[in-house]
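The chain contents come next:
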Amino acid sequence: MSDLGGSSSGSGQDSSTEELRGFGVGTRSVSGRIVRIGKQPPLIEGRNSGEASEGNDSAQVDSAFGDSDSIEFEGRDALRSRLSEMLEVVGIELETLGQNAPSEVADILEAQAMMAQDPTLVDRLLANVEPDPMVDAKCQLQRRNLRAAFEKVAAELRSVGGYIGERADDIGEIGARVADHLFGSADSQAIDEPNVNSILLFDQLTAAQASTLEPSSIKGVIVATGGPSGHATLILRSLDIPAVVGCPRAYEIPDGAVVLLDPLQGVVTIGANGRVPTSAHRPTVGHRSPKSVLATKAVQLLANVGSLADAQEARSQGAEGIGLVRTEFLFEGKEREPSVDEQVSTYHSLIEPFCGTRQPVIVRTLDVGSDKPLPFVNLAHEDNPALGVRGFRLVTQVPGLLERQLQALARTRALVNEVDFRVMAPMISSIGEAHSFMKMGRSAGLAPLGIMIEVPALALDFFRVAPLVDFASIGTNDLMQYLMGTDRNASMLGKLLDPWNPVALRLIKAVAREGARAKVAVSVCGEAAGDPLLAIVLVGLGITSLSMTPVALSQVRETLDAVSLTRARHLAQLAIRQLDSTAARQVVSEAIWTLAA
């Protein structure tokens with residue numbers, strides 16, 4: 001068994017073939033001819049490929065860009081003016097790309113546009129850029145120095161962690177576009193019109209590039225860098241483009257080679273014969289007994305939403321309800337706290353598409369902290385905000401904020417008809433906090449009430465907590481970072497955050513078991529829920545609902561429709577017995593074709 005990113009000779013494979021591994025996106029296996037897009041290495045290779053970086057970023061930048069890319073400016077003021085102009089141009093480009101994109105893609109591009117047009121970004125760049133020494137009041141700026149300055153700003157954000165840390169990759173993408181405008185287009189930004197049988201190979205794939213891909217014009221995508229929750233990955237999933245990302249040895253695939261891309265297994269087979277073998281196709285209904293219970297009958301498929309557009313998309317995609325309403329969008333960027341009336345109006349509009357369905361709509365209370373600062377909330381600076389005051393912990397720091405939100409939600413509940421309206425709190429760490437939230441919610445007239453399980457201590461104590469709550473939802477993104485002691489923004493440690501880790505799966509199973517004993521429904525609402533193959537395992541572990549990005553619903557539903565509950569339970573047991581995440585993913589993807597229902 002090879003490690004992630006390594007290679008192996010699969011059983012039954014021709015000796016002339018070779019397998020490379022990464023993170024799979026989607027379920028459809030495809031075969032095609034490689035078309036390489038951009039031949040330069042990534043800016044900081046060690047950080048993106050999973051290898052340890054020794055801090056010699058400037059040397060690595062030098063290796064990526066030659067000394068010839070240089071522009072002379074009439075001093076620092078001229079440099080500032082030109083950078084401001086280019087950042088404005090890039091912001092407009094990103095806004096334009098987002099105008100005709102699906103809502104989820106548009107949100108990513110619009111956020112990047114706002115960052116590019118933030119006037120403070122120029123000052124931060126000038127503080128980090130190192131132009132050649134001033135000569136006669138003039139200065140030389142080289143491409144590599146500009147990119148290094150963007151990387152330093154990104155590193156500052158990354159060190160903060162949490163929501164702000166997640167913006168680091170956005171800064172890198174903005175930097176690439178600014179550099180291309182100043183010094184001329186680089187290979188990394190150019191995407192020629194490919195052949196319909198092409199599988200595009202990128203060293204790095206930006207969100208902006210991913211948003212321009214046309215699913216009907218290509219077979220799939222391979223990316224040497226990236227991870228399962230990166231922006232480009234999310235966009236590929238939303239466009240239903242099969243892909244394998246975070247595949248470091250993809251650099252070795254020659255241009256024009258024929259490969260088989262199997263996202264379910266996260267495998268790229270070099271030297272494939274140009275056909276997709278039968279074993280690489282998705283499971284079909286014929287693989288199960290006619291009398292077996294479908295996995296989809298044991299689980300509700302819900303959607304995560306953060307806007308009215310998301311709610312409408314969820315409804316159109318056939319979601320059986322909303323498993324997570326992110327309420328932060330109503331508070332972020334506001335100079336004052338939204339009034340109770342404003343909150344009621346917004347919540348009502350967002351929930352309205354599901355009125356009359358009697359389906360669940362689960363609203364998460366405000367999940368912000370010093371890493372997601374609100375202008376009207378004065379929180380002290382924290383060196384590690386991911387472990388600081390956030391979520392329910394705000395109760396003690398900002399009196400009245402949660403109470404007013406609960407009041408607004410109670411009024412909203414009275415306005416909506418035939419909806420299973422529920423409210424849950426994030427970042428609950430102890431049985432005492434769970435009890436406090438339940439008491440606050442009931443005092444506001446709300447029920448059912450639940451909690452998010454993101455802190456391992458709460459998961460381990462769930463046998464005591466479960467009888468106190470009406471339901472629970474596992475947030476796998478945060479649970480993984482706390483369980484593995486790994487910053488979720490640390491690209492080089494992406495493998496540690498893989499929810500296929502058998503340790504994480506065993507913990508999820510234990511929570512689901514205690515929920516079943518207390519007759520408390522337990523859902524999963526992190527990125528893991530949108531992985532079709534992992535969804536099978538989660539159902540087999542006893543999870544009762546899966547909440548995901550709306551565009552993932554059809555793929556997850558189709559996969560679960562082809563698997564019996566008995567098979568899902570068998571596959572889940574196989575997964576939790578494996579050594580690591582790579583082995584767990586592979587054993588399930590291989591066994592799904594052979595196990596009898």
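Since we're looking at a predicted model, the values are computed, not measured.

Thresholds applied
Residues numbered from 1 in each chain as written. Predicted model: local features only at pLDDT ≥ 70, side-chain atom pairs only at ≥ 80, totals over all residues. Heavy atoms only, no water. Patch = residues over 30% accessible without salt bridge, like charges linked within 9 Å, V, L, I, M, F, W, Y side chains within 5 Å. Areas by Shrake-Rupley, 256 points an atom, 1.4 Å probe, with all protein chains shown as cover. Salt bridge = Lys/Arg side-chain N within 4 Å of Asp/Glu carboxyl O. Lys, Arg positive; Asp, Glu negative; His and termini not counted. Charge placed at Lys NZ, Arg CZ, Asp CG, Glu CD. Helix = DSSP H or I, 4+ residues; strand = E, 2+ residues; numbered from the N terminus. Phe/Tyr/Trp six-rings, centres within 6.5 Å; stacked < 30°, edge-to-face > 60°. Buried < 20%, exposed > 50% of the residue type's maximum accessible area, 1.4 Å probe, protein only. Pairing = 2+ DSSP bridges. Axes fitted to C-alpha atoms, helices over the stretch in contact; angles between N-to-C directions. Left-handed = near helix turned anticlockwise from the far one by under 90°. Contact = heavy atoms within 4.5 Å. Nonpolar A, V, L, I, M, F, W, Y, C, P; charged D, E, K, R; others polar. Expected span 1.5 Å × (residues − 1). Arc of directions from axis to C-beta. Parallel < 35°, antiparallel > 145°, perpendicular 65-115°, else oblique. pLDDT = per-residue confidence, 0-100. Core = buried A, V, L, I, M, F, W, Y, C linked by side-chain atoms within 4.5 Å. Polar contact = N/O pair within 3.5 Å; in protein donor to acceptor, adjacent residues only side chain to side chain.

Chemist: Sorry if this is basic, but what is going on with a negative patch on the surface here?
Modeler: On the surface, a cluster of negative charge is contributed by Glu88, Glu95, Asp107 and Glu110. Here glutamate 110 lies in helix α4 (residues 103-116).

Chemist: For this particular structure, what's the right way to read the packing of aromatic side chains?
Modeler: Two aromatic rings, taken as a pair, are described by how far apart their centres are and by the angle between their planes. By the definition in use, this model includes one aromatic pair. Measuring from centroid to centroid gives 6.1 Å for phenylalanine 392 and phenylalanine 437, while their planes differ by 85 degrees, and the two rings are edge-to-face. In this pair, phenylalanine 392 is assigned in the loop between β14 (360-364) and α13 (394-397) and phenylalanine 437 in helix α15 (residues 431-443), connecting sequence segments 45 residues apart. Look at phenylalanine 437 and you get buried, because its relative accessible area is 0%.

Chemist: Sorry if this is basic, but what is going on with the pairing of strand β10 (residues 258-262) here?
Modeler: The side chains of a regular strand alternate, residue by residue, between the two faces of the sheet. Of all the five residues making up β10, five are buried; the element is thus mostly covered by neighbouring parts of the structure. Across the two faces of β10 the burial is the same, with Val258, Leu260 and Asp262 and Val259 and Leu261 all buried. Bridge count between β10 and strand β11 (residues 267-270): four bridges; the pairing is antiparallel. What sits directly across from leucine 260, in β11, is threonine 269. Counted between consecutive antiparallel strands, the loop separating β10 from β11 contains four residues, among which glycine 266 sits at a positive phi close to 65 degrees.

Chemist: In this structure, what is going on with the packing of helix α3 (residues 76-99) against helix α8 (residues 168-183)? I would like to understand it.
Modeler: In a pair of packed helices, the angle between the axes and the distance between the axes together describe the arrangement. The N-to-C vectors of α3 and α8 enclose an angle of 115 degrees; their axes lie 9 Å apart at closest approach. Pair α3 / α8 crosses with right-handed handedness. Packed against α3, whose contacting residues are Arg82, Leu83, Met86, Leu87, Val89, Val90, Glu93, Leu94 and Leu97, the element α8 presents Ile174, Arg177, Val178, His181 and Leu182 at the interface. Grouping the amino acids of the contact of α3 with α8 by side-chain chemistry returns 10 nonpolar, one polar and three charged.

Chemist: Explain unusual backbone geometry to me, please; I cannot follow it from the model alone.
Modeler: Across residues other than glycine, the phi torsion is negative in most instances, and most of the peptide bonds are trans. Following alanine 447, the chain continues to proline 448 via a peptide bond in cis, the omega torsion being -5 degrees. Of note, proline 448 is situated in the loop between α15 and β16 (449-453). Its identity is not glycine, yet glutamate 418 carries a phi of approximately 50 degrees, on the positive side. As for its placement among the helices and strands, glutamate 418 is situated in the loop between α14 (401-415) and β15 (420-425). By relative accessible area, which is 44% here, glutamate 418 ends up partly exposed. A positive phi angle, close to 55 degrees, is found at methionine 427, a residue other than glycine.

Chemist: Hey, could you run me through the pattern of salt bridges in this one?
Modeler: Two side chains of opposite charge can pair, provided their charged atoms sit close to one another. Summed over the entire model, instances satisfying the criterion amount to 24 salt bridges. A salt bridge links aspartate 180 to arginine 143; its shortest N-O distance comes to 3.1 Å. Remark: arginine 143 occurs in helix α6 (residues 143-160) and aspartate 180 occurs in helix α8; sequence separation between them is 37 residues. By relative accessible area, which is 10% here, aspartate 180 ends up buried. A salt bridge links arginine 364 to glutamate 328; the shortest N-O distance between them is 2.9 Å. Of this pair, arginine 364 sits in strand β14 while glutamate 328 sits in the loop between β13 (322-326) and α12 (340-351), placing them 36 residues apart in sequence. The burial state of arginine 364 is the same as that of glutamate 328; both residues are buried. One connected set of salt bridges, linked through shared partners, spans Glu328, Arg364, Asp367, Arg390 and Asp478.

Chemist: How do you make sense of α15 when you look at a structure like this?
Modeler: Because each turn of an α-helix spans 3.6 residues, side chains separated by three or four positions in sequence point in the same direction. Along its 13 residues, α15 runs 18 Å from first to last C-alpha, staying within 8% of the 18 Å computed at 1.5 Å per residue. Burial in α15 covers these residues: Ala434, Phe437, Met438, Met440 and Gly441. Along the axis of α15, the buried positions cluster into a sector of 165 degrees, meaning they face one direction only. Those residues of α15 that are exposed and angled more than 90 degrees off the buried face are Lys439 and Ser443. Elements in contact with the buried residues of α15: α13, α14, β15, β16 and α17 (462-465). Note on α15: the residue one or two positions beyond its end, glycine 445, has a positive phi of about 90 degrees.

Chemist: Help me understand the sheet that holds strand β12 (residues 300-305) in this model?
Modeler: Strand pairing in a sheet is mediated by backbone hydrogen bonds. Such pairs are either parallel or antiparallel. With respect to topology, eight strands assemble into a closed barrel ordered β12-β13-β14-β15-β16-β17-β18-β19, the strand pairing being parallel. The mean angle between the axes of side-by-side strands here comes to 25 degrees, regardless of whether they run parallel or antiparallel. As paired strands, β16 and strand β17 (residues 471-474) are joined by four bridges and run parallel to one another. What sits directly across from methionine 452, in β17, is serine 473. Running at roughly 150 degrees to β16, α15 makes contact with β15 and β16 of the sheet. In the packing of helix α21 (residues 553-561) onto the sheet, the strands contacted are β12 and β19 (545-548), and the crossing angle to β12 comes to about 165 degrees.

Chemist: What should I look at first to understand the packing of α3 against helix α5 (residues 120-128) in this one?
Modeler: Relative to each other, α3 and α5 sit at 130 degrees, their axes nearing to 10 Å. One element, α3, and the other, α5, form an angle in the oblique class. For the pair α3 and α5, the sense of crossing is right-handed. Contacts between α3 and α5 involve Arg76, Leu79, Arg80, Leu83, Ser84 and Leu87 on the former and, on the latter, Leu121, Val122, Asp123, Leu125 and Leu126. Of the residues that constitute the contact of α3 with α5, the class distribution is seven nonpolar, one polar and three charged.

Chemist: Is there a simple way to think about the confidence of the model for the protein chain in this case?
Modeler: Do not read the predicted coordinates in detail wherever pLDDT is low. Per-residue confidence for the protein chain gives a mean pLDDT of 81; residues scoring 70 or more make up 80%. Counting interchain partners and residues more than four positions distant, the pLDDT-below-50 stretch residues 1-13 has 34 contacts. Per-residue pLDDT stays below 50 along residues 277-291; that stretch engages in 24 contacts with residues further than four places along the chain or on separate chains.

Chemist: Hey, could you run me through the nonpolar core in this one?
Modeler: What tends to happen in soluble globular proteins is that the nonpolar side chains get buried as a cluster. Core analysis: the biggest nonpolar cluster contains 97 residues, and Phe437, Leu546 and Leu560 have the highest contact counts within it. Phenylalanine 437 has contacts with Thr365, Phe392, Leu402, Leu406, Val423, Met424, Ala425, Ile428, Leu449, Gly450 and Ile451, leaving out every residue within four places of it along the chain. In terms of nonpolar packing, the next biggest core, distinct from the first, is built from 55 residues, Ala207, Leu213, Ile218 and Ala243 among them.

Chemist: Is there a simple way to think about helix α19 (residues 502-517) in this case?
Modeler: Between the first and last C-alpha of α19 there are 22 Å, a value that for 16 residues agrees with the 22 Å anticipated at 1.5 Å per step. The set of residues buried in α19 consists of Pro502, Ala504, Leu505, Leu507, Ile508, Val511, Ala512, Glu514 and Gly515. N-capping of α19 is provided by asparagine 501, with a side-chain oxygen placed 2.9 Å from the backbone N of valine 503. Looking at the residues trailing α19, positive phi occurs at lysine 519, about 60 degrees.

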